[in-house]
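# Remarks on the overall topology
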Amino acid sequence: MFWKKRIYADAAAATPLSARSQKELLRLLGAFGNAGALHREGVEAKAELEKARASIAESIGAHADEVVFVASGTEGNNLAIQGILRPLLQAYGEVHAMTCAIEHQSVLEPLRAMEREGLYTTVLQVDVEGLVSTKDIAAAVNDETMFVSIQLVNSEVGTTEPIKEIAKEIRKIRASRKDTPIYFHTDASQAPLWVDINVEKLGVDLLTLDAQKVLGPKGIGALYIRRGTPVEPMLWGGKQERGLRGGTENVPQAGAFAVALADAQKDAEKRVKNITEVRDYCWSEIKRLLPDTVLNGPGLKQGETLFYKVSPCLRVANNLNISVPGLEAEMAVVSLDALGIAASTRSACTIGSEEPSHVIKALGVPAQMAGTAIRLTLLPGATRAQARRIAQALKETADRYRQKTLTK
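Residues numbered from 1 in each chain as written. Predicted model: local features only at pLDDT ≥ 70, side-chain atom pairs only at ≥ 80, totals over all residues. Heavy atoms only, no water.

### A few points about the sheet that holds strand β14 (residues 373-377)
The strand order across the open sheet built from three strands is β9-β12-β14, with neighbouring strands paired in antiparallel fashion. Of all strands in the sheet, those bounded by a partner on one side alone are β9 (294-295) and β14. Where strand β12 (residues 319-323) meets β14, five bridges bridge the pair, whose relative direction is antiparallel. Note on β14: the bridge partner recorded for Ile 322 is Ile 374. Most of the contacts of helix α9 (residues 268-289) go to β12, to which it runs at about 15°, and overall it touches β9, β12 and β14. (Pairing = 2+ DSSP bridges. Helix = DSSP H or I, 4+ residues; strand = E, 2+ residues; numbered from the N terminus. Contact = heavy atoms within 4.5 Å. Axes fitted to C-alpha atoms, helices over the stretch in contact; angles between N-to-C directions.)

In structure tokens, the structure reads:
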């Protein structure tokens, strides 16, 4: 089959610029002055930068001085982790941190790297839906536990973690202590289009955002740092961003990001309803055409049977992660691309690894199925017609390539 117009179903990797974000980016390209300069051009750039900062703060329910601009979600996670933990390691010598097995590599890798400096980390296991247990967190805490990082939404299987409940547990631990602190970070990069990211409601100390996941530009993100949370710089140089990130600020991208984030949180409930319906229709069409297809991660509705159990929906609205038995995922993605569908197998940051996704493995998916996981993440404007086309292209792909795989 031949299609003139492509369908983009890899929104978890990157999103296109929204019309409003692009317009703001183009408007601000003329603000070329250095925001640290004292002349008119510098003052104008500084005013635009602070306007963007205030807008982002408003979108997440924070104060403007709690928002630090960074270049990406990866940098935001690294600043949160290294910026908090390195001073603690210097002060206490040995520090314990906790995270979960399906975190993004920009959380897992800096924690591993800091183990050379005296950190020791507990990587909590998740259930078949990718859910981390608050009870497991409470049980793993010891007197040296000073940092916990649990993502808000998983980028591969769409699991929404119980951040509010975890934050309550962290507050209990904090209240019971006299001498040692404990801080709670969440990577919310995948969340803003679909989930309320008000930091007061979530109860977190640090929160990472990435513009390219919310119809904003690449190369800009933000880290929320609650007032009173001590963070050390990771990039040393000038005193930009409250001394936490030396380097000239990117005013045009900050402004475009602020517009995209404000739009992401606006009417999110309506957006979730619409895309959930499209996503569920896509799944029903896939199941109709390929009945043995299985979901990886959370079910789509109450009572959905997965590999091992039945439970309510925890999956973010635009996500499907599926396996067609016998259909190798990378071959499927290449075939779908030729048929006009952009999909993926895993987080773009782990593409190139020969191992199955660490997220899929952590869910306990059977070994023979681990290499078959295909991620479909829809854009906010996705339609039922597009969902039907995705299912049809997947059926054509399975008919063409699964048979060859099974007969080897």
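### Here we look at the side chain of Thr 229
Within the fold, Thr 229 resides in the loop between β8 (221-225) and α8 (251-265). Judged by relative accessible area, which is 10%, Thr 229 ranks as buried. Engagement of the side chain of Thr 229 in a polar contact is seen with the backbone oxygen of Arg 226, the distance being 2.9 Å. Once residues lying within four places of it in the same chain are set aside, the contact partners of Thr 229 are Ile 84, Tyr 183, Asp 205 and Leu 206. (Buried < 20%, exposed > 50% of the residue type's maximum accessible area, 1.4 Å probe, protein only. Polar contact = N/O pair within 3.5 Å; in protein donor to acceptor, adjacent residues only side chain to side chain.)

### Quick word on the pairing of strand β7 (residues 206-210)
Here is the key point about a regular strand: its side chains alternate between the two faces of the sheet. Among the five residues that make up β7, five are buried, leaving the element largely enclosed by the rest of the structure. Residues Leu 206, Thr 208 and Asp 210 point to one face of β7 and Leu 207 and Leu 209 to the other, with burial holding for every one of them. Taken together, the three bridges between strand β6 (residues 183-187) and β7 define a ladder with parallel strand orientation. Along β7, the bridge assignment pairs Asp 187 with Thr 208. The sheet contact formed by β7 and β8 spans five bridges and is antiparallel. Within β8, the residue paired with Thr 208 across the bridge is Leu 223.

### Some thoughts on the packing of aromatic side chains
If you walk through the whole model with that rule in mind, you get zero aromatic pairs. The lysine or arginine in question, Arg 384, covers the ring of Tyr 281, its NZ or CZ lying 3.9 Å from the ring centre. (Phe/Tyr/Trp six-rings, centres within 6.5 Å; stacked < 30°, edge-to-face > 60°. Lys NZ or Arg CZ within 6 Å of the ring centre and 35° of its normal.)

### Some details on helix α10 (residues 329-338)
When we look at burial in α10, the residues that qualify are Ala 329, Ala 332, Val 333, Ser 335 and Leu 336. Across the axial projection of α10, the buried residues extend over an arc of 165°, all falling on one side. Turned more than 90 degrees away from the buried face of α10 sit Val 334 and Ala 338, all of them exposed. N-capping of α10 is provided by Glu 328, with a side-chain oxygen placed 3.2 Å from the backbone N of Glu 330. In the stretch just after α10, Gly 340 is the one whose phi turns positive, near 90°. (Arc of directions from axis to C-beta.)

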